[in-house]
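A look at the structure
Now for the letters of each chain:
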Amino acid sequence: MHLIEKAPAKINLTLDVLGKRDDGYHEVEMIMTTVDLADRIHLTLRDDGRISVDVDKGFVPGNEQNLAYQAAKLLKTEFGVKAGVHIFIEKNIPVSAGLAGGSTDAAATLRGLNRLWRLGTTIDKLAELGAEIGSDVPFCVYGGTAIARGRGEKLEHIPSPPPCWVVLVKPPMGASTKDIYGKLDLDHLKHPDTAAVVKAIREKNFRGICEGLGNAMEDATFGLYPEVKSLKERVRSFGAEGVLMSGSGPTVYALLQNQSRADRIYNGLKGFVSQVFVVRLLGAKHHL
Ligand SMILES: C[C@@](CO)(OP(=O)(O)O)[C@H](O)COP(=O)(O)OP(=O)(O)OC[C@H]1O[C@@H](n2ccc(N)nc2=O)[C@H](O)[C@@H]1O
Ligand SMILES: Nc1ncnc2c1ncn2[C@@H]1O[C@H](COP(=O)(O)OP(=O)(O)O)[C@@H](O)[C@H]1O
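An account of the accompanying structure is given in this report. (Residues numbered from 1 in each chain as written. Chains lettered and ligands numbered in written order. Predicted model: local features only at pLDDT ≥ 70, side-chain atom pairs only at ≥ 80, totals over all residues. Heavy atoms only, no water.)

1. Observations concerning the site of ligand 2
The local shell around ligand 2 holds 17 residues, among which Lys91, Gly98, Ala100, Gly102 and Asp105 are the closest. Lys91 places a polar side-chain atom, nitrogen or oxygen, 2.9 Å from a nitrogen atom of ligand 2. A distance of 2.8 Å separates an oxygen atom of ligand 2 from a polar backbone atom of Gly102. Among the cavities detected, the one that contains ligand 2 is the largest pocket. In terms of residue count, helix H2 (residues 101–116) provides more of the shell around ligand 2 than any other element does, three residues in total. Residues of the shell around ligand 2, tallied by class, amount to eight nonpolar, seven polar and two charged. (Near = heavy atom within 4 Å. Polar contact = N/O pair within 3.5 Å; in protein donor to acceptor, adjacent residues only side chain to side chain. 1 Å grid on protein atoms, 1.4 Å probe; cavity = no way out; pocket = protein on both sides within 12 Å on 5 of 7 lines; lining within 4 Å. Sits in = over half its atoms within 2 Å of the grid points. Helix = DSSP H or I, 4+ residues; strand = E, 2+ residues; numbered from the N terminus. Nonpolar A, V, L, I, M, F, W, Y, C, P; charged D, E, K, R; others polar.)

Set out below in structure tokens:
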């Protein structure tokens, strides 16, 4: 038996860091939404009970460090599953990019194995288990648009922004989420106005969303990689309505209502950044 589960990337429309917690994590408040740039997770039943993983690109671990492997192991233990699975990942989402590529692979593995192994569990249970793998996994289990709080696992689902185009620009370096959190200057962060962006989303006010985009992690990443700041300025100079770094970076994205403007930015940047994508926001939540 074989099935394929789509694993879309996320972007952060806002990302606020409210403080450091005793457990070493940071308290966050952020608006996340899924975009139509996705990995494809192929799940094939193994009768010998083993879990194996293989990736079509060399720079992602094809072993137990892979978050999809960890998702399968967690489900197998939790539900006492005798069967195994071979996981093959078609990797389209740039790695260490601030787009939750690993988290969404883990989330898609949870959804897919619920079907393949006929577990009959709920999406809420999968999200709860996903939090053991990573802070962004619960959001990726549901997809859609949500405000994430706590360390990222407490979700409030909200309507999606109005349809628009997203240009994703991934510069050649990778950013380690842990390192960027460690470099934050907590007393001098630029805090976005999350409530104002949520209001703009509810009112389908595209301009309001663009004006409110904000990411408290930008300065830390820009400090480490000044070229990411220059890239953001360059994207803005092409006439994008809203521009922001996603997550801990280094991917920078632009939101546009007009496809020809999105194409213009794509064409302008393609010459000197190899990973540029023009995609749509993905409105719908996942269902089991
Ligand atoms: C910054 C964000 C924003 O969406 O995304 P990415 O840039 O990774 O896509 C997330 O907070 C990333 O979440 P995720 O990548 O799942 O993080 P985890 O695996 O749980 O944690 C990796 C490390 O980041 C730090 N961490 C993570 C989340 C959090 N709220 N506070 C933290 O301090 C911790 O040092 C932790 O050891
Ligand atoms: N399935 C996976 N896809 C991508 N990265 C993975 C995966 N499993 C484990 N990783 C590891 O997770 C780290 C972060 O990757 P990723 O999730 O792409 O970044 P980000 O959290 O910035 O969005 C990388 O060091 C990578 O080796």
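So much for the structure itself; the text now carries on.
2. A short note on the pairing of strand S4 (residues 84–90)
Pairing of strand S2 (residues 26–46) with S4, which is carried by seven bridges, proceeds in the antiparallel orientation. Looking at S4, one finds that Ile41 is bridged to Ile89. Where strand S3 (residues 51–55) lies against S4, five bridges are found, and the strand directions are parallel. Considered in S4, the bridge of Ile51 is made with Val85. (Pairing = 2+ DSSP bridges.)

3. Some details on the pattern of salt bridges
Side chains that carry opposite charge are capable of pairing whenever their charged atoms lie near each other. Under the counting rule described, the total for this entry stands at 18 salt bridges. Salt bridges linked by common partners bring Glu5, Arg111 and Arg115 together as one network. (Salt bridge = Lys/Arg side-chain N within 4 Å of Asp/Glu carboxyl O.)

4. What about the site of ligand 1?
Residues in contact with ligand 1 amount to 23 residues; listed here are only the nearest, His26, Ser135, Thr177, Tyr181 and Ser248. Interatomic distance of 3.3 Å between a side-chain N/O atom of Asn12 and an oxygen atom of ligand 1. Here Tyr181 contributes a side-chain N or O atom positioned 2.6 Å from an oxygen atom of ligand 1. For ligand 1, the protein covers 84% of the area, taking 700 Å² as the surface of the free molecule. Among the cavities detected, the one that contains ligand 1 is the largest pocket. Those elements that place two or more of their residues in the shell around ligand 1 are strand S1 (2–20), S2 and helix H5 (177–182). With four residues, S2 is the largest single contributor of residues to the shell around ligand 1. Its residues assigned to classes, the shell around ligand 1 shows nine nonpolar, ten polar and four charged. Each of two domains, domain 1 (2–157) and domain 2 (165–282), supplies a minimum of three residues to the shell around ligand 1. (Areas by Shrake-Rupley, 256 points an atom, 1.4 Å probe, with all protein chains shown as cover. Domains from an automatic or database assignment.)

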